[in-house]
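Analysis of the macromolecular model
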Amino acid sequence: MASEHFVAGDWFPSLTGETFTADSPATGEAIGEVAQGSREDAQRAIAAANDAAAGWARTTAFERAAFMHRIADEVERRREHLVHTLTLDQGKPLHESRDEVDELVAYWRNAAEDGKRLEGRLANSFTPGKRVLLVRR
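One structure accompanies this document, and this report is about it.

Rules and cut-offs
- Residues numbered from 1 in each chain as written.
- Predicted model: local features only at pLDDT ≥ 70, side-chain atom pairs only at ≥ 80, totals over all residues.
- Heavy atoms only, no water.
- Helix = DSSP H or I, 4+ residues; strand = E, 2+ residues; numbered from the N terminus.
- Buried < 20%, exposed > 50% of the residue type's maximum accessible area, 1.4 Å probe, protein only.
- Contact = heavy atoms within 4.5 Å.
- Axes fitted to C-alpha atoms, helices over the stretch in contact; angles between N-to-C directions.
- Parallel < 35°, antiparallel > 145°, perpendicular 65-115°, else oblique.
- Left-handed = near helix turned anticlockwise from the far one by under 90°.
- Nonpolar A, V, L, I, M, F, W, Y, C, P; charged D, E, K, R; others polar.
- Phe/Tyr/Trp six-rings, centres within 6.5 Å; stacked < 30°, edge-to-face > 60°.

**Description of the environment of D23**
Along the chain, the position of D23 falls in strand 3 (residues 19–23). Of the residues examined, D23 reaches a relative accessible area of 42% and is grouped as partly exposed. Expressed as a C-alpha distance, the spacing of D23 and L88, which sit 65 residues apart in the sequence, is 8.2 Å. Look past the residues within four positions of D23 in its chain and what remains in contact with it is G28, E29, A30, I31 and D89.

**Side note on the environment of A42**
Within the secondary structure, A42 sits in helix 1 (residues 39–58). Separated by 26 residues in sequence, A42 and M68 place their C-alpha atoms 23 Å apart.

**Section: the packing of helix 2 (residues 61–77) against helix 4 (residues 94–114)**
Contact geometry of helix 2 with helix 4 gives a least axis separation of 8 Å together with a crossing angle of 170°. Classed by the angle they form, the pair helix 2 and helix 4 counts as roughly antiparallel. Every pair of crossing elements has a handedness; the one defined by helix 2 and helix 4 is left-handed. Of the residues in helix 4, those in contact with A65, M68, H69, I71, A72, D73, V75 and E76 of helix 2 are V101, L104, V105, W108, R109, A111, A112 and E113. Its residues placed into classes, the contact of helix 2 with helix 4 shows 11 nonpolar, 1 polar and 4 charged.

**As for the packing of aromatic side chains**
Enumeration over the complete set of coordinates arrives at 2 aromatic pairs. When the ring of F6 is compared with that of W11, the centres are 5.0 Å apart and the planes differ by 55°; the resulting orientation is tilted. Since its relative accessible area comes to 47%, W11 is described here as partly exposed. When the ring of W56 is compared with that of F67, the centres are 5.6 Å apart and the planes differ by 70°; the resulting orientation is edge-to-face.

Put into structure tokens, the structure is as follows:
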């Protein structure tokens, strides 16, 4: 597991330098050291997101869609690693982790396509019983 935060395209240790050990809830075994984020770390990430927002807004819907499809492609490429990491971290069965990763890919692809054809309707949920809320800016 990474012991740093990923902000604005780079990895950074926590500003406090603190970490914690992540343990598997299923076995109790240590699975990795993780950076302990602080309020200042969150503020740094929020500032980076705000700085990136203007550039993102200047891209076309088709450019944004292509970028989001690349994210979905990368999640698919790393599927098994992500499935096993979720299971280790959360103690859930592998089939639930697989479903969660597959749902993540579907949501990225759906968001990519929805952005190209915003018509004022809400997107459908990938999962029965879940509702998707959409905020337009």
